[in-house]
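Breakdown of the fold
Here is what each chain is made of, one letter per residue.
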Amino acid sequence: MNVLNSYRTGPDERGHFGIHGGRFVAETLMPNILALEEAYNAARVDPEFAREMDGYLAHYVGRPSALYYAERLTEHLGGAKIYLKREELNHTGSHKVNNVLGQILLARRMGKERIIAETGAGQHGVAAATLCARFGLKCIVYMGAVDVERQKPNVFRMNMLGAEVVPVQSGSRTLKDAMNEALRDWVTNVHDTFYCIGTVAGPHPYPAMVRDFQSIIGRETRAQLLEMEGRGPDSLIAAVGGGSNALGLFHEFLDDPEVEIFGVEAAGRGVSSGEHAASITGGRPGVLHGNRTYLLMDGDGQISEAHSISAGLDYPGIGPEHSYLHDVGRVTYLPCTDDEALEGFQLLAKLEGIIPALECAHAIGKVMEIAPGKPKDHIMVVSLSGRGDKDIFTVAEHLGGRL
Amino acid sequence: MTRIATRFAALATEGRPGLVTFITAGDPDGATSLAILKALPEAGADVIELGVPFTDPMADGPAIQAAGLRALRNGQTLARTLEMVRAFRAGDDATPIILMGYYNPIYIYGVERFLGDARAAGVDGLIVVDLPPEEDDELCLPALAAGLDFIRLATPTTDEKRLPAVLRHTAGFVYYVSITGITGSATPDATLVSQAVTRIKKHTDLPVAVGFGVRTPEQARAIAAGADAVVVGSALVEAVRTSLDAEGAATPQTTETVLSLVRDLSAAVRTVKRQSAA
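Below, the structure is looked at part by part. (Residues numbered from 1 in each chain as written. Chains lettered and ligands numbered in written order. Predicted model: local features only at pLDDT ≥ 70, side-chain atom pairs only at ≥ 80, totals over all residues. Heavy atoms only, no water.)

1. Focus on the pattern of salt bridges
All told, the structure shown has 46 salt bridges over all chains when counted by the stated rule. Put simply, Arg150 of chain A and Asp147 of chain A hold a salt bridge, and the shortest N to O gap is 2.9 Å. Here Asp147 of chain A and Arg150 of chain A lie together in helix H6 (residues 145-150), a separation of 3 residues that amounts to about one turn. Like Asp147 of chain A, Arg150 of chain A is buried. A salt bridge links Arg86 of chain B to Glu83 of chain B; the nearest nitrogen and oxygen atoms lie 2.4 Å apart. Residue Arg86 of chain B and its partner Glu83 of chain B are both found in helix H4 (residues 78-89); the two are separated by 3 residues, about one turn of the helix. For Arg86 of chain B, a relative accessible area of 37% translates into the label partly exposed. Given a relative accessible area of 41%, Glu83 of chain B falls into the partly exposed group. Here the salt bridges share partners, and the residues they tie into one network are Arg44, Arg211, Asp212 and Glu321 of chain A. (Salt bridge = Lys/Arg side-chain N within 4 Å of Asp/Glu carboxyl O. Helix = DSSP H or I, 4+ residues; strand = E, 2+ residues; numbered from the N terminus. Buried < 20%, exposed > 50% of the residue type's maximum accessible area, 1.4 Å probe, protein only.)

Written out as structure tokens, the structure is:
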């Protein structure tokens, strides 16, 4: 394989990461997407925009988020020294707020007053509803009817925050269908509406823009670790649905060749069962929701229904930059089953007093597998992307208990 | 001349706008769908759009979404859709057929193989909703090289600045999307549509067909008065749905329900006289 000079230069001006990415959308949306790109390119170099972002990140979101040495988990697993990047301590309880803040400030600059969003677990929906409340914007959140049922606490939160949650009844009634419905709304209300996408996917410039807004995770991690350990990490690990928390942590370190990087895909009931959401492990490149990327599909190019215990990972695709990082071999993508994630969920709760979201419990599930094989001076950083309060009903059901 | 160019030239000579009918291939099942397809020209369809079912039709409203899912449940694939076109061509070598759908099934079939098979089957043109000019390298340019027309959608958001880029590699005709929205949703305003068609015609000599949201013979007549052709889709697909039995299967009425609407639409469109339809 050719060794590239940098893994951090993408995308190209047409939004491609290798063969992935692009702008596969209906003509009605193209002028909006080009206007968004222009507005983002202007904002990203505008010191005033950066100042505004930094202010809200510090005083509203509560950044920097802690980097926490998980001492008991480390002792229990007996290998790598494990640090948790505590994104679940952010306002709204997950990393999603970093990106939503950026997009909402951008929407304000563009004069858009109606915000739409898709959500799976509801973390992005809650973050969008929160910032819309903060800035007095109208907020409509599309959420699969199945997810509305399994993530009730977040639906309630969104309603409290003044957002309208629209249950989506089409298709598999999960995140994929919520995104279809959000795109249909955008096509219909293109003049006054800003589509706030929750992950590093969709048409260019979304994958790059969302990554940039999330990259603060990796930048803080580098600085915090330097202070605590006097050096950088040896490995990084994060769960990947669309992959925004993962890319937020990884991007800073892509050009540090000594850093091993693991993305964890949801393997549901096992990749061989066919009931999973592991797009890279079990899929192939195709085109959906505005970008080319690894997707789960049948031989006719029809998109398959994903399965995961975690609503936030229950999506048959992945962000295009992850697909690229897989193709060039920079990041290793590993599947983690529902059962392994449930073990991670319980272990972290019992040993560290932290109830993780089911999404990042997948990362913990793989830490349990990888960390014991590493030496004690190996520093591993795990993205703890969200808190698990929303998942207690799902977990109780799977463990045979009742709340 | 291609079948599309020949048909629009004939409409211009007749001095009337054309009727473009959309049905979803394989809806509700392969045999019924083929029977409808074969009978469309006789019922008054001048040009046929054959929808290629896709699980995630982002630009389509509930009617066409449901039609695609009915077809997929009954085993429709892109290969079977091409087979339908081949069967149609055995009895009709004049009516243009345009495949309309989304890129992924074509991408997975393989672009080169698809273009060869589509042309051999008798397909005349392609409308692929999620391929804007920015992605012309994917399918538009290879399709034109293979002798298939690539018909682009122009929309109310396609401004003067962008229109030349949209029209640059468009062939066959231009499909003007009459509303900002998904198929079968809002009702287009005939006056605004007519103005938009006039605007587009300043940039191209191609015929302009107008669709999205045209449901009734009256609407078809009003829209056709300001365009070279009018497209009706959701209403025909909805006619399929209303004719199905409780299990969603075709009934003896299915074919006739669709064709009777096509006849009414055609009669309405044929009352419109145009000075120059090209």
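From this point, the narrative continues.
2. Some details on unusual backbone geometry
Cis geometry is found at the peptide bond from Gly10 of chain A to Pro11 of chain A, where omega equals 0°. Mapped onto the fold, Pro11 of chain A is located in the segment before strand S1 (16-17). Cis geometry marks the peptide bond from Asp27 of chain B to Pro28 of chain B; its omega dihedral reads -5°. Here Pro28 of chain B lies in the loop between strand S1 (18-24) and helix H2 (30-43). Unlike most non-glycine residues, Thr92 of chain A shows phi in positive territory, near 80°. Here Thr92 of chain A shows up in the loop between strand S4 (81-86) and helix H4 (96-109). What makes Thr92 of chain A buried here is its relative accessible area of 5%. At Arg173 of chain A, a position not held by glycine, the phi torsion is positive, near 55°. Turning to its location among the elements, Arg173 of chain A is positioned in the loop between strand S7 (164-168) and helix H8 (175-188).

3. Notes on the pairing of strand S11 (residues 284-288) of chain A
Residues and elements named next belong to chain A. Note that S11 and strand S12 (residues 290-295) share 5 bridges and pair antiparallel. Within S12, the position partnered with Arg284 by the bridge is Leu295. Here S11 folds back onto S12 in antiparallel fashion, the turn holding 1 residue, of which His289 has a positive phi close to 55°. (Pairing = 2+ DSSP bridges.)

4. Regarding the interface of chain A and chain B
Counting from both sides, the interface comprises 36 residues of chain A and, opposite them, 35 residues of chain B. The contact between chain A and chain B buries some 3000 Å² in all, and 51% of this surface belongs to carbon and sulfur atoms. Taken together, the links from chain A to chain B amount to 4 salt bridges. A salt bridge links Arg162 of chain B to Glu27 of chain A, with the nearest nitrogen and oxygen atoms 2.8 Å apart. Inspection of the region where chain A meets chain B yields 19 residue pairs in polar contact (both at pLDDT 80 or more). Contributing elements (two or more residues each) for the side of chain A that touches chain B: strand S2 (20-24), helix H1 (30-44), H8 and S11 of chain A. Counting residues per element, the side of chain A that touches chain B draws most heavily on H8 of chain A, at 7 residues. Its residues placed into classes, the side of chain A that touches chain B shows 15 nonpolar, 12 polar and 9 charged. (Contact = heavy atoms within 4.5 Å. Buried area = accessible area lost by both parts, 1.4 Å probe. Polar contact = N/O pair within 3.5 Å; in protein donor to acceptor, adjacent residues only side chain to side chain. Nonpolar A, V, L, I, M, F, W, Y, C, P; charged D, E, K, R; others polar.)

5. Section: the packing of aromatic side chains
Applying the stated criterion to the full structure yields 13 aromatic pairs over all chains. Aromatic side chains Phe24 of chain A and Tyr103 of chain B sit 5.9 Å apart centroid to centroid with 10° between the ring planes, which places their arrangement in the stacked category. With one member in each of two chains, Phe24 of chain A in strand S2 and Tyr103 of chain B in helix H5 (residues 103-109) form a pair that bridges those chains. An identical accessibility class is assigned to Phe24 of chain A and Tyr103 of chain B; each is buried. Plain terms: the ring middles of Phe8 of chain B and Phe173 of chain B are 5.4 Å apart, the flat faces sit at 50° to each other, and that makes the pair tilted. Of this pair, Phe8 of chain B sits in helix H1 (residues 3-14) while Phe173 of chain B sits in the loop between helix H8 (163-167) and strand S7 (174-177), and the two are 165 residues apart along the sequence. Look at Phe173 of chain B and you get buried, because its relative accessible area is 0%. (Phe/Tyr/Trp six-rings, centres within 6.5 Å; stacked < 30°, edge-to-face > 60°.)

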